[in-house]
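# Coordinate analysis (summary)
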Amino acid sequence: MKLFVGLDVSSFDIKVCLMNGEGEKLKTFTVSNDLPGATKLRDTILECTSNQVIDTFKIGLESTSVYSFHPSMFLHNDESLQALGAQVYVMNPKQIKNFKKSYSDMNKTDEIDAFIIADYLRFGRSNMSVVKESQYVALQQLTRSRYQLVHQVTREKQHFLQHLSFKCNTFKEEVDSSVFGNAMMGLFFEKFSLEELAHMPLEDLAAFLQEKGKNRFGDPENVAKSIKKAVRSSYRLDKVVEDSIDVILGTTIEVIRTLQKQVKEIDKAIERIMAGLTQTLVTIPGIGPVFTAGIIAEIGQIERFDDETKIAKYAGLYWLKHQSGHFTADDTSLTRNGNQYLRYYLVEAANSVRRHVPEYQAYYAKKYKEVPKHQHKRALVLTARKLVRLVDALLRNHQVYTPKRSVNI
């Protein structure tokens, strides 16, 4: 017997459709989206499968953030369902929506949605994700939160620089934004006015930058010169305007430092979980612990994927083809489907790896020269696609990174 269970999950209930291998509805019902409801769902499924030999047993639901998390984990971890060989899949809502278009004569109801999900499982032509184990789920929550915090820090820094332009309007023109950090925040708000900076000896300013920047400035004297030039050429503000800008800069600094502190706390939690996972990605030059954790969190157990092509598709690292007759478009868009977090970590990791591994640098350069437009973006995504093969090989074969020809890719 083949059994497909479609679940349409909302914040308060779960619509259920049980379907056999011929596409016939065996049972439809509704349970509450809580522990008693999930228990009733499990018991009803067991009743329908009693005295039956199950050779295919799939349970599917759309990825709807926290609403789908609890029922998917409950069903995935239930021993009685595992004994029957049940596999729980979390699916992309866009794929279900597109699949439903083929049922144009059906009304829009939640019961129908559960039927569509069950039928989608039955056809099996999908890029579905089997539910991950708890340690990977925990790691994923941490890495995704870190992703959001880091992007918030970036936005706050942009906010700071925007208002810094009011106080020192030529700063962006004269000073490289890459030197932004605690030294700059302290320099323009906590320590000195523009007049004090303008008359400060160059050696003292360079020493301040080196101390506050913890020796991260390659040429602190040159940075100090650019700052003094920006200060001297900038307009001076009225006192009331300057005071208001200082308040904004001060609050923004506090927000940035708070976010950075939270990132460090999450990094410690990520490190604790990663210590309990067996993986070898960190041995790839340039990939580092942050990218490793992000990739591992989104992929989970490598056995969830048949091969590296499934990982690439799951991440959305492919271009849609545009072909009609004898015409094939040269300039096509990267797909908007896929796991945005996995795509982000793979692309960022590839950008770092290419700076450390000659093979990837050469591949990036080759792809960069192949097209006249979008060279960097295209070359970087293709390099990330190449990296997927290495990631898959190391995780699947439990290998440590070694130069090419020593890894079973």
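Conventions and cut-offs
- Residues numbered from 1 in each chain as written.
- Predicted model: local features only at pLDDT ≥ 70, side-chain atom pairs only at ≥ 80, totals over all residues.
- Heavy atoms only, no water.
- Helix = DSSP H or I, 4+ residues; strand = E, 2+ residues; numbered from the N terminus.
- Buried < 20%, exposed > 50% of the residue type's maximum accessible area, 1.4 Å probe, protein only.
- Contact = heavy atoms within 4.5 Å.
- Areas by Shrake-Rupley, 256 points an atom, 1.4 Å probe, with all protein chains shown as cover.
- Expected span 1.5 Å × (residues − 1).
- Salt bridge = Lys/Arg side-chain N within 4 Å of Asp/Glu carboxyl O.
- Pairing = 2+ DSSP bridges.
- Phe/Tyr/Trp six-rings, centres within 6.5 Å; stacked < 30°, edge-to-face > 60°.
- Lys NZ or Arg CZ within 6 Å of the ring centre and 35° of its normal.
- Core = buried A, V, L, I, M, F, W, Y, C linked by side-chain atoms within 4.5 Å.
- Arc of directions from axis to C-beta.
- Axes fitted to C-alpha atoms, helices over the stretch in contact; angles between N-to-C directions.
- Parallel < 35°, antiparallel > 145°, perpendicular 65-115°, else oblique.
- Nonpolar A, V, L, I, M, F, W, Y, C, P; charged D, E, K, R; others polar.
- pLDDT = per-residue confidence, 0-100.
- Patch = residues over 30% accessible without salt bridge, like charges linked within 9 Å, V, L, I, M, F, W, Y side chains within 5 Å.
- Lys, Arg positive; Asp, Glu negative; His and termini not counted.
- Charge placed at Lys NZ, Arg CZ, Asp CG, Glu CD.

With that out of the way, let us pick up the overall build of the chain. Looking only at helices and strands, the chain has 17 helices and eight strands in total. Expressed as a percentage of the 409 residues in the chain, the buried residues total 48%. Across the chain, the fraction of contacts at a sequence separation of at least 24, relative to all contacts at a separation of at least 6, is 65%. When the accessible area of the chain is evaluated, it comes to approximately 22,000 Å², of which 50% is carbon and sulfur surface.

Our next topic: helix α13 (residues 288-299). The end-to-end C-alpha separation of α13 is 17 Å, in line with the 16 Å expected for 12 residues at 1.5 Å each. Here α13 lies mainly inside the structure; nine of its 12 residues are buried. The inward-facing, buried residues of α13 abut α6 (134-167), α12 (239-274), α14 (308-315), α15 (340-353) and α17 (375-397). After α13 finishes, the residue Gly 300 shows a positive phi value of roughly 70 degrees.

This part covers the pattern of salt bridges. Evaluation of the coordinates by the stated rule reveals 16 salt bridges. With a shortest N-O distance of 3.3 Å, Glu 370 and Arg 378 are connected by a salt bridge. The class of Glu 370 is partly exposed, set by a relative accessible area of 38%. By sharing partners, the salt bridges in this structure join Arg 42, Asp 43 and Asp 78 into a single network.

Next up on the list: the pairing of strand β2 (residues 13-20). Side chains on a regular strand alternate between the two faces of the sheet. Taking burial as the measure, the eight residues of β2 include eight buried ones, the bulk of the element. Neither face of β2 is left uncovered, since the one carrying Asp 13, Lys 15, Cys 17 and Met 19 and the one carrying Ile 14, Val 16, Leu 18 and Asn 20 both have all their residues buried. In terms of strand pairing, strand β1 (residues 2-9) meets β2 through seven bridges, oriented antiparallel. Within β2, the residue paired with Asp 8 across the bridge is Lys 15. Taking the residues between adjacent antiparallel strands as the criterion, β1 and β2 are bridged by three residues. Of the strand pairs in this sheet, β2 and strand β3 (residues 25-32) are connected by seven bridges, and their pairing is antiparallel.

A few words now on the side chain of Ser 10. Examined against the element boundaries, Ser 10 turns out to sit in the loop between β1 and β2. Apart from residues no more than four positions distant in its own chain, Ser 10 is found in contact with Asn 33 and Tyr 67.

The subject of this paragraph is the packing of aromatic side chains. Tallied over the full model, the rule gives seven aromatic pairs. Both rings, one in Tyr 344 and one in Tyr 345, keep their centres 5.1 Å apart while their planes meet at 70 degrees; by these two values the pair is edge-to-face. Since its relative accessible area comes to 3%, Tyr 345 is described here as buried. Among the aromatic residues, ring-to-ring pairing joins Tyr 147, Tyr 341, Tyr 344 and Tyr 345 into one connected group. Across the ring face of Tyr 363, the terminal group of Lys 386 is positioned such that the distance to the ring centre comes to 5.2 Å.

Here we come to the nonpolar core. Residues Leu 281, Ile 295 and Ile 299 are the most contacted members of the largest nonpolar core, which totals 75 residues. Counting residues in hydrophobic clusters, the runner-up holds 22 residues, among them Val 5, Val 9, Ile 45 and Val 88.

Below, the discussion takes up α14. The complete set of buried residues in α14 reads Glu 308, Ile 311, Ala 312, Tyr 314 and Ala 315. For α14, the angular spread of the buried residues around the axis is 160 degrees, confining them to a single face. Positive backbone phi, at 80 degrees, marks Gly 316, one or two positions downstream of α14.

Contact pair α14 / α15: the axes reach a minimum separation of 7 Å and the direction vectors enclose 110 degrees. One finds that α14 runs roughly perpendicular with respect to α15. Along its contact with α14, which presents Ile 311, Tyr 314 and Ala 315, the element α15 presents Leu 342, Arg 343 and Leu 346. Within the contact of α14 with α15, the residues separate by chemical class into five nonpolar, no polar and one charged.

The subject of this paragraph is the confidence of the model for the chain. Averaged over every residue, the pLDDT of the chain is 85; residues scoring 70 or more account for 88%. Low pLDDT (under 50) marks residues 322-329, which in the prediction has five contacts with non-local residues, meaning those over four places away or in another chain.

Mapped onto the fold, Gly 250 is located in helix α12. Gly 250 sits in the buried class, given a relative accessible area of 10%. As a C-alpha pair, Gly 250 and Phe 160 span 90 residues in sequence and 9.0 Å in three-dimensional space.

This brings us to a negative patch on the surface. Together, Glu 203, Asp 204, Asp 219 and Glu 221 make up a negatively charged patch on the protein surface. As for its placement among the helices and strands, Glu 221 is situated in helix α11 (residues 220-233).

What follows covers unusual backbone geometry. Most peptide bonds adopt trans geometry, and most residues besides glycine take a negative phi value. Look at Asn 51: it is not a glycine, yet its phi comes out positive at around 65 degrees. Take Asn 51: it is sitting in the loop between α1 (35-49) and β4 (56-62). On the basis of relative accessibility, which here comes to 82%, the residue Asn 51 falls in the exposed class. With a phi close to 55 degrees, His 398 is a non-glycine residue in the positive phi region. Along the chain, His 398 turns up in the segment after α17.

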